[in-house]
There are 2 protein chains.
Amino acid sequence: MPGIVPRGRRGPEVAGTGEDDSVWAEGQVRTITDLARLAGVSAGTVSRALAGNTLVNARTRERIQQLARSHGFQLNQMASNLRRQKTGVVGVAIPLGHDRRQQISDGFFMTLLGHLADELTQRGYDLMLRRVLPERDEDWLSRFSGSGMVDGLIVIGQSDQFERIEAAAAEYLPMVVWGNHQEGQRHCVVGTDNRLGGRLAAERLIAAGATRLAFFGDAEPMEFAARFAGACDVAARAGVSILACPTSLSVEPMTREIAHHLHSNAGGFDGIFAATDTIAVACLKALRDAGRAVPGHVRLVGFDDLPIASQTSPPLTTIRQDIAAGARALVDLLMRRLGGENTESLVMPPRLIARGTA
Amino acid sequence: MPGIVPRGRRGPEVAGTGEDDSVWAEGQVRTITDLARLAGVSAGTVSRALAGNTLVNARTRERIQQLARSHGFQLNQMASNLRRQKTGVVGVAIPLGHDRRQQISDGFFMTLLGHLADELTQRGYDLMLRRVLPERDEDWLSRFSGSGMVDGLIVIGQSDQFERIEAAAAEYLPMVVWGNHQEGQRHCVVGTDNRLGGRLAAERLIAAGATRLAFFGDAEPMEFAARFAGACDVAARAGVSILACPTSLSVEPMTREIAHHLHSNAGGFDGIFAATDTIAVACLKALRDAGRAVPGHVRLVGFDDLPIASQTSPPLTTIRQDIAAGARALVDLLMRRLGGENTESLVMPPRLIARGTA
DNA sequence: CGCAAAATTTCAAACGTTTGCATTTTTGGG
DNA sequence: CCCAAAAATGCAAACGTTTGAAATTTTGCG
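Please read these numbers as outputs of a predicted model, since none were measured by experiment.

Student: Explanation requested: the protein's contact with DNA strand C in the structure shown.
Tutor: Around DNA strand C sit 24 residues, and of these Arg48(A), Arg30(B), Ile32(B), Ser47(B) and Arg83(B) come closest. Sugar plus phosphate: this is where 63% of the atoms of DNA strand C within 4 Å of the protein reside. One of the side-chain N or O atoms of Arg48(B) is found 3.1 Å from a base oxygen in DNA strand C. In the model, a phosphate oxygen of DNA strand C is placed 3.3 Å from a nitrogen or oxygen of the Ser80(B) side chain. Those elements that provide at least two residues to the surface near DNA strand C are helix H2 (43-50) and helix H4 (77-84) of chain A together with helix H2 (43-50) and helix H4 (77-84) of chain B. Residue contributions to the surface near DNA strand C peak at four residues, all from H4(B). Looking at side-chain class alone, the surface near DNA strand C contains eight nonpolar, ten polar and six charged residues.

Student: Looking at this model, I keep getting lost on the protein's contact with DNA strand D. Mind explaining?
Tutor: Around DNA strand D sit 25 residues, and of these Arg30(A), Ile32(A), Ser47(A), Arg83(A) and Arg48(B) come closest. Near the protein, within 4 Å, the atoms of DNA strand D are sugar or phosphate in 63% of cases. Residue Ser80(A) places a side-chain N or O atom 3.3 Å away from a phosphate oxygen belonging to DNA strand D. In this structure, Ser42(B) approaches DNA strand D through a main-chain N or O atom, which is 2.6 Å from a phosphate oxygen. Elements with a minimum of two residues in the surface near DNA strand D: H2 and H4 of chain A together with H2 and H4 of chain B. By residue number, the principal contributor to the surface near DNA strand D is H4(A), which donates four residues.

Student: For this particular structure, what's the right way to read helix H11 (residues 277-289) of chain A?
Tutor: Since the α-helix advances by 3.6 residues per turn, residues separated by three or four positions end up pointing in the same direction. Residue and element names in this part refer to chain A. Here H11 contains 13 residues, and its C-alpha end-to-end distance of 18 Å stays within 8% of the 18 Å for a straight helix at 1.5 Å per residue. Burial analysis of H11 places eleven of its 13 residues in the buried class, the great majority of the element. All of the buried residues in H11 are Asp277, Thr278, Ile279, Ala280, Val281, Ala282, Cys283, Leu284, Lys285, Ala286 and Leu287. The inward-facing, buried residues of H11 abut strand E6 (212-216), helix H10 (251-264), strand E8 (271-274), strand E9 (299-304) and strand E10 (317-320). Positive phi appears at glycine 291, one or two residues downstream of H11, with a value of about 75°.

Criteria and thresholds
- Residues numbered from 1 in each chain as written.
- Chains lettered and ligands numbered in written order.
- Predicted model: local features only at pLDDT ≥ 70, side-chain atom pairs only at ≥ 80, totals over all residues.
- Heavy atoms only, no water.
- Near = heavy atom within 4 Å.
- Polar contact = N/O pair within 3.5 Å; in protein donor to acceptor, adjacent residues only side chain to side chain.
- Helix = DSSP H or I, 4+ residues; strand = E, 2+ residues; numbered from the N terminus.
- Nonpolar A, V, L, I, M, F, W, Y, C, P; charged D, E, K, R; others polar.
- Expected span 1.5 Å × (residues − 1).
- Buried < 20%, exposed > 50% of the residue type's maximum accessible area, 1.4 Å probe, protein only.
- Contact = heavy atoms within 4.5 Å.

Right, here's the structure in full:
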């Protein structure tokens, strides 16, 4: 099988014939021991030398590092991890409770993930991504945290797993969650004040002249529920109605549902608060197709301020979450927790970005 | 420090006082040995039992599994991996050659990543994500593959690292790359026939009445270069001009550059081929802002067929890459390579999705 | 030079599994 | 009941590093 070079485990080691390597590992310097033999020192010294430990003589250290480089030596992380009881890997779990598909390719998640990758890389950590289906695997959380494969965990979105996350938080310190904050909760969460965001959105719609509101989105996940609740606060105070229009996040159902809502509640609302920019964009399209002017007939406010938000026409008025800052905070808090600290949650303020749709 | 429960390594083990656990690990059953003691069998038997090995008596097996469950026992993957010389993890590397930022949050990458996560999960593999900056770290590829942390590698995008990838492919089998295919290349690649895609785009623009074309995008990365080349093929054959308008993928520079191109080449073209849907959407917006009708004055074709493509108005005519199929193929080929097979590259046909902009 | 202190290196025991082989127990046919 | 074969279990050596502690070498000062 030419071209195939297995990382060959070597066979039973017969008493070595001097400095010559066994036939199995043709000259390859695979282990720290190989390197030690080559350098004429012990494995321990090589280990320390590669780690830059000043315990070993500067000259020796340099020589060994040089040798390692020239032989393309790679430290076996697995072994190193086992011995040191840490991995340099942070797990990122995305629980897919309701909306199985799409959630991960939703602009928001992806943007957050990108920023997380940046932040973690910068601090020398790798990122292990795992999508979990809680209904298939009850034990997803302790499974991930207890696997020994990750030093800590970032959970993106609470989905419908609030309770399980709470339980895990009691005995697993290095975990930080992106999501909604609830009075007195145990787990450390980073997120936007969704309720306040909902208020801002509703206020804006009303200020723009809306008198009958509609909320487009799935009010099941906590974050969305809070947004909805915020809007309800304001609607109640202002004495305007608000209609819940369940809308999923996957593309096809979403367009179908939006069309349905627009059709069956034709005159039912003149202001839409979309749970997500993704939904808002779809609404904009549907409204245009239905010949309803935005913001003339219907006002529209989104949530997130994803890149697309500024690319529609008219550009989307929306509630901004600072995703980059969120990612930074998640990683920062996790690092502190890895250091044994018991950190508080961080709730960031949302900000209204007034553009063309309301 | 209440609430903090380290995975406590236990102290020096004094001769055990019977079945009672040492004070250090308060009742926790952490290792397979703990479990073995509890079950009154040897560690080996426990290991086999947990693995479902039929060598151990069915009754014993069930009993041990039950015990493991009830004590929330988690196998230490690190140790298991070390011993078995495999990890169950596939590395996904995203080299960021040119366009450092945004690339990862670009809709295309993210969608691909989402599908990869799905496919890998389904086959019982985890996904380790690593963004690499080749200019900072010459050795990124062998570093990743040789770390012992991953069983195989998927590289997303060749960036400007074609040569390095070629070199790695010579000695590292389990690697598959998303990108462009070049005659006689060594590494196994999955991707779309970008050149053909470019042709389809240009043909469509011309069929829609365009007489002077423009290409918006960075022609540096191979994939984009091929798209451009394809468009050039057709333009030359049809005797129409084609203007290269360098455009980056990051949001702010992108909008700036597009505005600039539209302004300084006001009458220079009446058909735009955008290297990416993301760019196309921005173009659409800019054209509208400039008061130029699409497809009346200017025809527009994108590339990728991202979800947004159908959400603009008019909806985007674009060249579709089947991202889900791509992800499936990447994983499939990688699995075959993990099995020792030496697989061929896969070049998928692009497809024109005719919508409203050309 | 001699000798203690400092600097450097080696030794060997972990880290928690897996697995070939040896050993013990069970089974079943005579 | 006996004894070989089959089934089940135990033993111990890996996997490749890291790291106290012990052992060795070098240094520096009188």
